[in-house]
Structures are given as C-alpha cells and as structure tokens.
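Summary of the model geometry
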Amino acid sequence: MFVAHRIRLDPNNVQATYLARAAGTARFAYNWALAEWKRQYEACKLDPALPKPNEAALRRQLNAIKGEMFPWMLEVTKNAPQMAILQLGYAFKNFFEGRARYPTCRRKGRDDRFTLTNDQFRVQGKRIRIPKLGWLRMCESLRFEGKKIVSASIARSANRWYASIVVDTNTLFLPPTENQGAVGVDLGVTTLATLSTGETFIGPKASRSLQSRVKRLARSLSRKVKGSHNYAKAKTKLARLLARIADIRRDGLHKLTTYITGQFHTIGIEDLNVKGMLGNHCLARSIADMAFGELRRQLEYKAARRGGQVVVVDRWYPSSKTCSCCGHRLDEMGLQVRQWRCSDCGALHDRDVNAAINLRNMAVSSTVTACRGEGAGLAREAQGETVPGEAGIQQQS
Ligand SMILES: [Zn+2]
C-alpha cells in the first residue's frame, strides 16, 4: 500500500529560489510537451505515416534539444522536466479513458511543483537531499521508516513549500480494530456525522468563525493594484488564511475517521451526491465545509489499513425515511424534521441516528451476501443484537 506523508520544508532564500526555478522548469516542460503533442497530432492527422505523439518520444525529443535551446534547464534536477512530461502522458491517458478533461497548460502560481523519483533524492532525519541543491531542512521527519520510498513531490502552497513523500509500506501496519462490530455513519449538515451508536460529531466549523477575516482580506486584496507588490502580499495573506482553514478542517476529519476506523470493523456510509447538493445554495457552504468526499476517502484507506471495510450504500436508499425498527417507509420528510414517530410501530426516532442505524444494517446485510465465510458469521452476530436503539446504548456506555 502506498502512503504519502506531506512535510513542510524550511528552505533558506537561495534554496527557495532553486525550488521555484525547478518548479518553473517542470511547468515549462509540461507546457512545451503539451504544445508539441497538439502539433504532432495535427501533423499525423494530415499524414498518417507520421507517428502519433507519446510522452516517451517527447521526453527524448526534449532531452536532445534542451542543452542547446534551454540551457537553464540543466541548472535544476533532470527529474523536473522529465517527470512533468511523464505526468502529461498520464493526463492524456486519463483523458483518453474518459476520466478527465483534455490536459490544460500549467500556470505559474497555481501549478508550482515538480516530482523526484526515488533514485534522485535521499531522506535522512529532518532533511532531504535534492540534486544540484543539497540538503534541505524539513519541519518533521518522515513518519514511515525502514520501508521503500517511491517518490517525492515538491509543491508550493500558500507561499510555503511542502514535500509529499510516497512510501510503499507493503503491510498492514496498524493493529486490527478493537471492537469488531459494525457501525453506520450518517453524514449531516448540522452535525458532521452521527453514528448508529448515537454519538454525534459536530465537526470543525473553522470557516464560519474565520469567514469575516476572509471577507476582510478578500476586500483588501480587491482594492490593490493587480501586479503590484502590495497585491502579492495581500494575496499571500489571504492564501495563508484559507490554507489554515483547510488545515483545521482536515484535522477534524482525520480525528473523526481515525476514531471510527479504530472502533469498528464494518462501516456503512451513504454515497452522497455532493455535486448535486452543492447546487442547493443554502446548504452549499456547510457541505463544502464538511468535505464529504474527503471523509469517505479517509475512512476507506484507514479501514483498509486495519483490515476493516467500508460499505457504501446506494445514493437512493431512503436511509432517513425508513423506520429502523419495522422497516416502514415514509413517503415524504422535510429537511427540517429532526424527530419523528413511526406510524406503524410507534417508535420515536432521532432523524440522524435512525438513518445511521439503517446504514449499519445495510452494511451488515451486504457483507452477508458478499462473503459467506468468516464475514458472514461476524455480520450475523452483529445483526443478532440489532434491536435498534438498544445497541446504541450498549456501545455508548
Ligand atoms: Zn416502525
């Protein structure tokens, strides 16, 4: 399994200049290869005898001419232009296979990054060695030690440099979950998550409290003359604040997902149509805040590391409108309804807890049908104790 550790770098002025230059070289090579790709493609449309463009040929082509035409490229690591063209190849592959749009130019300020292959850098304690630069200080040491390092991406974000170091761990390096049971997680708007055990997580609402500062800085930026020094300073200030908000949000999500995956083996979540919901403006900010997609991603990889599993329940499954006691389904339920009583069995439900219990039951039953071995026994066990509401109280105490 590949894991990445993103570490902030602490370059001095000379080193920061080198990093910016390497990123600039990578950007130039990427854009050069993109233009060349288009040109060669047009050419081979007119004359089918010509070869179709590909990234390996483009790399060779650039290598042949860079000494003469772009001698400044030799001042930074050779990985910068090479890996950029390799990545362009991936971008085209993703485009051809329908996963992404047609590749676009990299832009200064937005795409300041370059990648190093594992033979081109070394990590030792709190420092990293980069070709033609030497040792560079990092703010912390690599978390995953003694395993194979795959690559490193050096990138600028909010005027700070980070190294994202990818490590191949090959093993499940976390102990399995303590409680082997199942849980349903209902992702909400007012609360970040409600578990089928009845626990709720409010989630960090950083952007709410810092929103006024964002507004003030954005206004101050808009009054500066574009391209001026003050504009650049104001832009960095705003970017730092936004980065801080993102950090707070990510931290909250990590704490939540670590907790859930540490406690439960089988985790049922809903496949939310985030794009569709973002179209609804009154919900938009809260949902963006809560970052559903990121939550799901974290749950999936953290569960995999402990041998657990995440079951994604169909988007159209009415988890809120179904009674978790008797299975009675309501026709209609407004977003503002927090509590409701089932007309069939009379059970009083908290909207979110009820939805979470339904998700857990769905996750458990889908593991029964998916695997009839060990998992089935586990799922049956979990289902046996499913007197909804009661299981929640047990696990809370
Ligand atoms: Zn009922």
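Residues numbered from 1 in each chain as written. Predicted model: local features only at pLDDT ≥ 70, side-chain atom pairs only at ≥ 80, totals over all residues. Heavy atoms only, no water.

**A word on the packing of aromatic side chains**
- In this structure the tally under the stated criterion is 9 aromatic pairs.
- Three or more aromatic residues link up through ring pairs in this structure, and these residues are W37, F92, F95, F96 and Y102.
- Over the face of the ring belonging to Y162 we find R6, whose NZ or CZ atom lies 3.9 Å from the ring centre.
- In this structure, R106 is placed above the aromatic ring of Y30, and the distance from its NZ or CZ to the ring centre is 4.2 Å. (Phe/Tyr/Trp six-rings, centres within 6.5 Å; stacked < 30°, edge-to-face > 60°. Lys NZ or Arg CZ within 6 Å of the ring centre and 35° of its normal.)

**Comments concerning the side chain of R351**
- Along the polypeptide, R351 turns up in helix 10 (residues 351-370).
- No salt bridge is formed by the buried R351. Its closest oppositely charged neighbour is D352, at 4.2 Å.
- At a separation of 3.2 Å, a polar atom in the side chain of R351 contacts the main-chain carbonyl oxygen of V337.
- Once you skip the residues sitting within four places of it in the chain, R351 turns out to touch S320, M333, G334, L335, V337, R338, Q339 and W340. (Helix = DSSP H or I, 4+ residues; strand = E, 2+ residues; numbered from the N terminus. Buried < 20%, exposed > 50% of the residue type's maximum accessible area, 1.4 Å probe, protein only. Lys, Arg positive; Asp, Glu negative; His and termini not counted. Salt bridge = Lys/Arg side-chain N within 4 Å of Asp/Glu carboxyl O. Polar contact = N/O pair within 3.5 Å; in protein donor to acceptor, adjacent residues only side chain to side chain. Contact = heavy atoms within 4.5 Å.)

**What to know about the packing of helix 5 (residues 211-223) against helix 6 (residues 229-263)**
- Interaxial distance between helix 5 and helix 6 falls to 9 Å at its minimum, and their mutual angle equals 160°. Regarding the angle of helix 5 to helix 6, the classification is roughly antiparallel. The two elements helix 5 and helix 6 meet at a crossing, and its hand is left-handed. Residue-level contacts link R213, V214, L217, A218, S220 and L221 of helix 5 to Y231, A234, K235, K237, L238, L241, L242, R244 and I245 of helix 6.
- Residue classes in the contact of helix 5 with helix 6 are distributed as 10 nonpolar, 1 polar and 4 charged. (Axes fitted to C-alpha atoms, helices over the stretch in contact; angles between N-to-C directions. Parallel < 35°, antiparallel > 145°, perpendicular 65-115°, else oblique. Left-handed = near helix turned anticlockwise from the far one by under 90°. Nonpolar A, V, L, I, M, F, W, Y, C, P; charged D, E, K, R; others polar.)

**Notes on the pattern of salt bridges**
- Inspection of every chain in the model, using the stated rule, returns 16 salt bridges.
- Put simply, E36 and R39 hold a salt bridge, and the shortest N to O gap is 2.7 Å. A residue pair is termed a helical-turn pair when its members lie 3 or 4 positions apart in one helix, as E36 and R39 do in helix 1 (residues 13-46) at 3 residues.
- A relative accessible area of 12% means that E36 is categorised as buried.
- Between E42 and K45 there is a salt bridge, with the nearest N and O atoms lying 3.8 Å from each other. Of this pair, E42 and K45 both sit in helix 1, 3 residues apart, roughly one helical turn.
- Looking at E42, the relative accessible area reads 43%, which means it is partly exposed.
- Taking relative accessible area as the criterion, K45 reaches 51% and is therefore assigned exposed.
- By sharing partners, the salt bridges in this structure join R27, D112 and R156 into a single network.

**Considerations on the coordination of the zinc ion**
- Protein-derived ligands of the zinc ion are C323 (SG), C326 (SG), C342 (SG) and C345 (SG), with the metal-ligand distances lying across 2.2 to 2.4 Å.
- The site at the zinc ion holds 4 donor atoms, and with the angles between them running 108 to 111°, its shape is tetrahedral.
- For the zinc ion, the donor residues sit on a single chain with the sequence spacing C-x2-C-x15-C-x2-C.
- For C342, a relative accessible area of 3% translates into the label buried. (Donors = N, O, S within 2.8 Å, 3.2 Å for Na, K, Ca; no water. Tetrahedral: all angles 85-135°; square planar, octahedral: opposite > 155°, others 65-115°.)

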